[in-house]
Amino acid sequence: MERQVLEKLLAGDDEVSAAALAALRSAATYSVWDTTHPAEQHAGVFALRLPRMRQRGVEPLGLERMVRLLREHGRPVRGGLIDSADQKWSFLCYFTEDGGALVACARLQR
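Let me begin by describing the structure that accompanies this report. Quick caveat: nothing in here was measured; it's all calculated off a predicted structure. (Residues numbered from 1 in each chain as written. Predicted model: local features only at pLDDT ≥ 70, side-chain atom pairs only at ≥ 80, totals over all residues. Heavy atoms only, no water.)

Secondary structure assignment for the chain yields four helices and four strands. When the helices and strands of the chain are placed in sequence order, the string is α-α-β-α-α-β-β-β. Over its C-alpha trace the chain gives a radius of gyration of 13 Å, about what one expects of a compact globule, namely 13 Å for 110 residues. Along the first, second and third principal axes, the C-alpha atoms of the chain reach 35 × 30 × 25 Å. Put simply, the chain has 110 residues, and 43% of those count as buried. (Helix = DSSP H or I, 4+ residues; strand = E, 2+ residues; numbered from the N terminus. Rg over C-alpha atoms; globule rule 2.2 N^0.38 Å. Buried < 20%, exposed > 50% of the residue type's maximum accessible area, 1.4 Å probe, protein only.)

What follows is the structure, encoded as structure tokens:
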């Protein structure tokens, strides 16, 4: 996926996609995978990881919302990862199967 296409997909009004867009525009590296997987599979994995992260004192931005949105989406998703230029944050993004829309995004501390 080209950077400018990804920028358009991240042009939402929520805090996480705005932060991901800012990172992308600040020389972040990124990748969007060609493969798709069931949204519920990803939602289940991160639903299990969230309580463990919180036990360690880590509150990932938007992860709870991402789990909810993936469950609501219910169709296969394509994943992507944006790593901030300063290597402090990673943004985990999920897109529709065709890559035409953002389904959910969360910020994780590296």
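Below, the discussion takes up the sheet that holds strand S1 (residues 29-38). The strands that make up a sheet are held in pairs by hydrogen bonds between backbone atoms, and each pair lies either parallel or antiparallel. In spatial order, the strands read S1-S2-S3-S4; together these four strands make up an open sheet with antiparallel pairing. The open sheet has two edge strands, S1 and strand S4 (102-109), and neither has a second partner. Looking at each pair of strands side by side, their axes are set apart by 20° on average, direction ignored. Direction of pairing for S1 relative to strand S2 (residues 76-83): antiparallel, over a ladder of seven bridges. Among the inter-strand pairings, Thr36 is bridged to a residue of S2, identified as Arg78. Each of S1, S2, strand S3 (89-96) and S4 touches helix H2 (residues 15-25); the most contacted strand, S4, lies at about 70° to it. Helix H4 (residues 63-73) rests against S2, S3 and S4 of the sheet, and its axis sits at about 155° to S4. (Pairing = 2+ DSSP bridges. Axes fitted to C-alpha atoms, helices over the stretch in contact; angles between N-to-C directions. Contact = heavy atoms within 4.5 Å.)

Over its 17 residues, helix H3 (residues 39-55) runs 25 Å from end to end, which matches the ideal 24 Å to within 8%, given 1.5 Å per residue. Taken residue by residue, H3 has Ala39, His42, Ala43, Phe46, Leu50 and Met53 as its buried positions. At its buried positions, H3 is contacted by S1, H4, S2, S3 and S4. Phi turns positive one or two residues past the end of H3, at Gly57, with a value near 85°. (Expected span 1.5 Å × (residues − 1).)

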